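Chains, contacts and geometry: an overview
The chain contents come next:
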Amino acid sequence: RAPSLPLSSPRAACAAAEPPLRWEPRCRQQLRHLQDGARIAARLPPRLEGRWVSTGCEVRPGPEFLTRSYLFYANRLFKAYQFYYWDPSCRDPSYSLVIKGKLRLRQASWITRGATEADYHLHKVGIVFHSQKAMREVAAWINQTSGEGCSGFLPPGRTWAPGALYELLSAKTERDCTAALGFAMHELSLVRVEKHYQPLLQPQQSGSRLVEELYLGDIHTEWVERLHYRPTGYQRPMQSAVHHVHPCPACGIIYRADEHHPPILPVRAQLPMQLSGSWVSTRCEVRPAVLFLTRYFIFHGNNHTWEGFYYHYSDPLCKQPTFTIYASGHYTQGIPSSKVRGGTELAFKVTQARVTPMDQVTVMMLNSSEPGSCGLTSCWSAGVEQDITPTNGCLALGIKLPHTEYELFKTEQDTKDRSLLYIGARPTDGSSPDSPDKRPTSYQAPLIQCAGASEEFSNYVSLKYLGKKDANGNEALKPLPVAFLLFIALLFLRCD
């Protein structure tokens, strides 16, 4: 246990020297790119008309592997396909759902800034099985867990009929046999559409291409809660079938699919888990309970240590910083996950952390915290970092040190051969994966590798003012309009 700091120290003791400025250029460029919120337009209320498709194989808690294709009509009706698979590459279909209903957009969300709340009503849900095995398993789920009206949904021993559509839900007959599948469309109750422009990469071309992304509500990480949960965050965005990022091999395949012809995604090479290097967020991220953040990690493979920078904001464009967290520790050797194929299980220990409040509201909260529970009492001020390791964390921010979390990681390459890192999704209920049975079964938004192992650096710097010079004449960075929040397995943050 670290010795407590002398909380009666004079005010002068609050000041802390800053380490030298060293940022890997490509990582800095990516972080500045995230700052440029003006590049993103989000219309309220959003326009949903048209078809939206997954851009790859998605992983939901459970795990469930699926792709989606949703069509919204101008008269508020919608027709949605959800294609489920046995495998994390979405090449071995299990069953498909065809979902019909009506959606009515309401007011801007009072809880999740930038989102629109919506009401939906389901008219029909049908299921098509793609193998005898899938038919047998789903029938068993429904017959065992559903009410009297569904107990005979599929008699035991019925032979699989390719292409046959079975009705799971009907508004007319008031029959609903979807609960056994953990099925709900509550994702439609929270909606956001973003527009931005993708630069044309071909040497002979100039200009940019419009990209539209549809963010729908997140899926609860606990199976038993997902039927009742009302989203406050988002899941992986879908993209417009017309205006999507190029190249997107999966987009056209999913667009042309239907319940009788599920999409079979292209073969992708399995990558070994190579954590060494630096990884950064690709977008402003949203967590349940209304948390906006970007993340930046450095993994040192030679000694299995890591550093994390977490910038936390109050707005969906990550332009209004609230506080910054730097944390570090070590991690275990990864082993293949037995529950989530394609994933790797690791344990992360957080041993040190520092906090920088970035607005007056956070400063006031930290200065009013219980003495000895979060750094030097009454010493907090905007833009000034404090070490919270000697006080074993920060009670006001829900940070406890030391802290161990059991994690799920996955690496992939995108269509431009860039390395992506997926880290386990945070529990929706605000708890921590602090035991093996709480290990995630789905992922957060991916990080992109911005520096390899040979380009690692370990000196942390508090970002200050763009265009100014430090004492050694080096350029200083302006404060990222972001405050890095440690919200993945590397550190659990909860606001009490």
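Criteria and cut-off values
- Residues numbered from 1 in each chain as written.
- Predicted model: local features only at pLDDT ≥ 70, side-chain atom pairs only at ≥ 80, totals over all residues.
- Heavy atoms only, no water.
- Helix = DSSP H or I, 4+ residues; strand = E, 2+ residues; numbered from the N terminus.
- Buried < 20%, exposed > 50% of the residue type's maximum accessible area, 1.4 Å probe, protein only.
- Contact = heavy atoms within 4.5 Å.
- Areas by Shrake-Rupley, 256 points an atom, 1.4 Å probe, with all protein chains shown as cover.
- Core = buried A, V, L, I, M, F, W, Y, C linked by side-chain atoms within 4.5 Å.
- Domains from an automatic or database assignment.
- Phe/Tyr/Trp six-rings, centres within 6.5 Å; stacked < 30°, edge-to-face > 60°.
- Lys NZ or Arg CZ within 6 Å of the ring centre and 35° of its normal.
- pLDDT = per-residue confidence, 0-100.
- Disulfide = S-S within 2.5 Å.
- Expected span 1.5 Å × (residues − 1).
- Arc of directions from axis to C-beta.

A few words now on the overall build of the protein chain. Along the protein chain, the regular secondary structure elements total four helices and 24 strands. Buried residues in the protein chain amount to 53% of all 496 residues. Counting only contacts in the protein chain whose residues sit at least 6 apart along the sequence, the fraction spanning at least 24 positions is 64%. Surface accessibility of the protein chain: about 22400 Å² in total, with carbon and sulfur atoms responsible for 52%.

Bringing the nonpolar core into the picture now. Formed by 40 residues in total, the largest nonpolar core has its most connected members in Tyr234, Leu265, Val280, Phe292, Tyr296, Phe309 and Tyr443. Elements supplying a minimum of two residues to this core: helix H1 (25–35), strand S4 (77–85), helix H3 (249–255), strand S14 (291–300), strand S15 (305–313), strand S23 (419–423) and strand S24 (447–451). A domain split of this core shows at least three residues from each of domain 1 (40–256) and domain 2 (277–449). Excluding residues within four positions of it along the chain, Leu265 makes contact with Gly56, Cys57, Thr67, Ser89, Cys90, Arg91, Ala250, Ile253 and Ile254. Listed in part, the 39 residues of the second largest apolar core include Ile99, Leu103, Ala118 and Ala139.

All right, on to the packing of aromatic side chains then. For the structure shown, the criterion picks out 16 aromatic pairs. Ring centres 6.2 Å apart and planes at 80° place the aromatic pair Phe299 and Phe409 in the edge-to-face group. Note that Phe299 is positioned in strand S14 and Phe409 in strand S22 (residues 403–413), a separation of 110 residues in sequence. Classification of Phe299 by relative accessible area gives buried; the value is 0%. Of the residues examined, Phe409 reaches a relative accessible area of 0% and is grouped as buried. Clustering of aromatic rings is evident, with ring pairs tying together Phe297, Phe299, Trp306, Tyr310, Tyr331, Phe348 and Phe409. Here Arg226 stacks its cationic end above the ring of Trp223, 4.6 Å away from the centre of that ring.

Before going further, it helps to examine the confidence of the model for the protein chain. In this model, the protein chain carries an average pLDDT of 83, and 83% of its residues clear a pLDDT of 70 or more. Across residues 1–12 the pLDDT falls below 50, and counting only partners more than four positions away or on other chains, this stretch makes 18 contacts in the model. Note on residues 16–22: pLDDT is under 50 here. Beyond four places in sequence and across chains, it has 13 contacts.

So, on to unusual backbone geometry. For residues that are not glycine, phi is negative in most cases, and the peptide bond is trans in most cases. Geometrically, the link from Leu44 to Pro45 is a cis peptide bond, its omega value of -5° lying close to zero. Examined against the element boundaries, Pro45 turns out to sit in the loop between H1 and strand S1 (50–53). Notably, Glu174 is not glycine yet its phi reads approximately 60°, a positive angle. With a phi close to 55°, His304 is a non-glycine residue in the positive phi region. Position of His304 among the secondary structure elements: in the loop between S14 and S15. For His304, a relative accessible area of 22% corresponds to the partly exposed category.

This brings us to the state of the cysteines. According to the stated counting rule, one finds six disulfides in the structure shown. A disulfide bridge connects Cys150 with Cys177, and the sulfur atoms are separated by 2.0 Å. Measuring handedness by torsion sign, the sulfur bridge of Cys150 and Cys177 sits at about -90° and is left-handed. Within this pair, whereas Cys150 is found in the loop between helix H2 (132–145) and strand S7 (166–170), its partner Cys177 is found in the loop between strand S8 (175–176) and strand S9 (190–199), the two being separated by 27 residues in sequence. Each member of the pair, Cys150 as well as Cys177, is classed as buried. Across the disulfide from Cys284 sits Cys318; the S-S distance is 1.9 Å. Across the S-S bond of Cys284 and Cys318 the torsion is about 75°, and the bridge reads as right-handed. A residue pair is termed long-range when its members are at least 10 positions apart, and Cys284 in the loop between strand S12 (277–281) and strand S13 (285–287) and Cys318 in the loop between S15 and strand S16 (321–331) qualify at 34 residues. A residue is classified by how much of its surface remains accessible, and Cys318, at 1% relative accessible area, is buried.

Glancing now at H2. Taking 1.5 Å of rise per residue, 14 residues should cover 20 Å, and H2 covers 20 Å from first to last C-alpha, within 8% of that figure. Of all the positions in H2, only Ala134, Met135, Val138, Ala139 and Ile142 are classed as buried. The buried residues of H2 occupy one face: seen down the axis, they fall within an arc of 120°. What points out from H2, more than 90 degrees from its buried face, is the exposed set Arg136, Gln144 and Thr145. Contact partners of the buried residues in H2: strand S5 (93–108), strand S6 (116–129) and S7.

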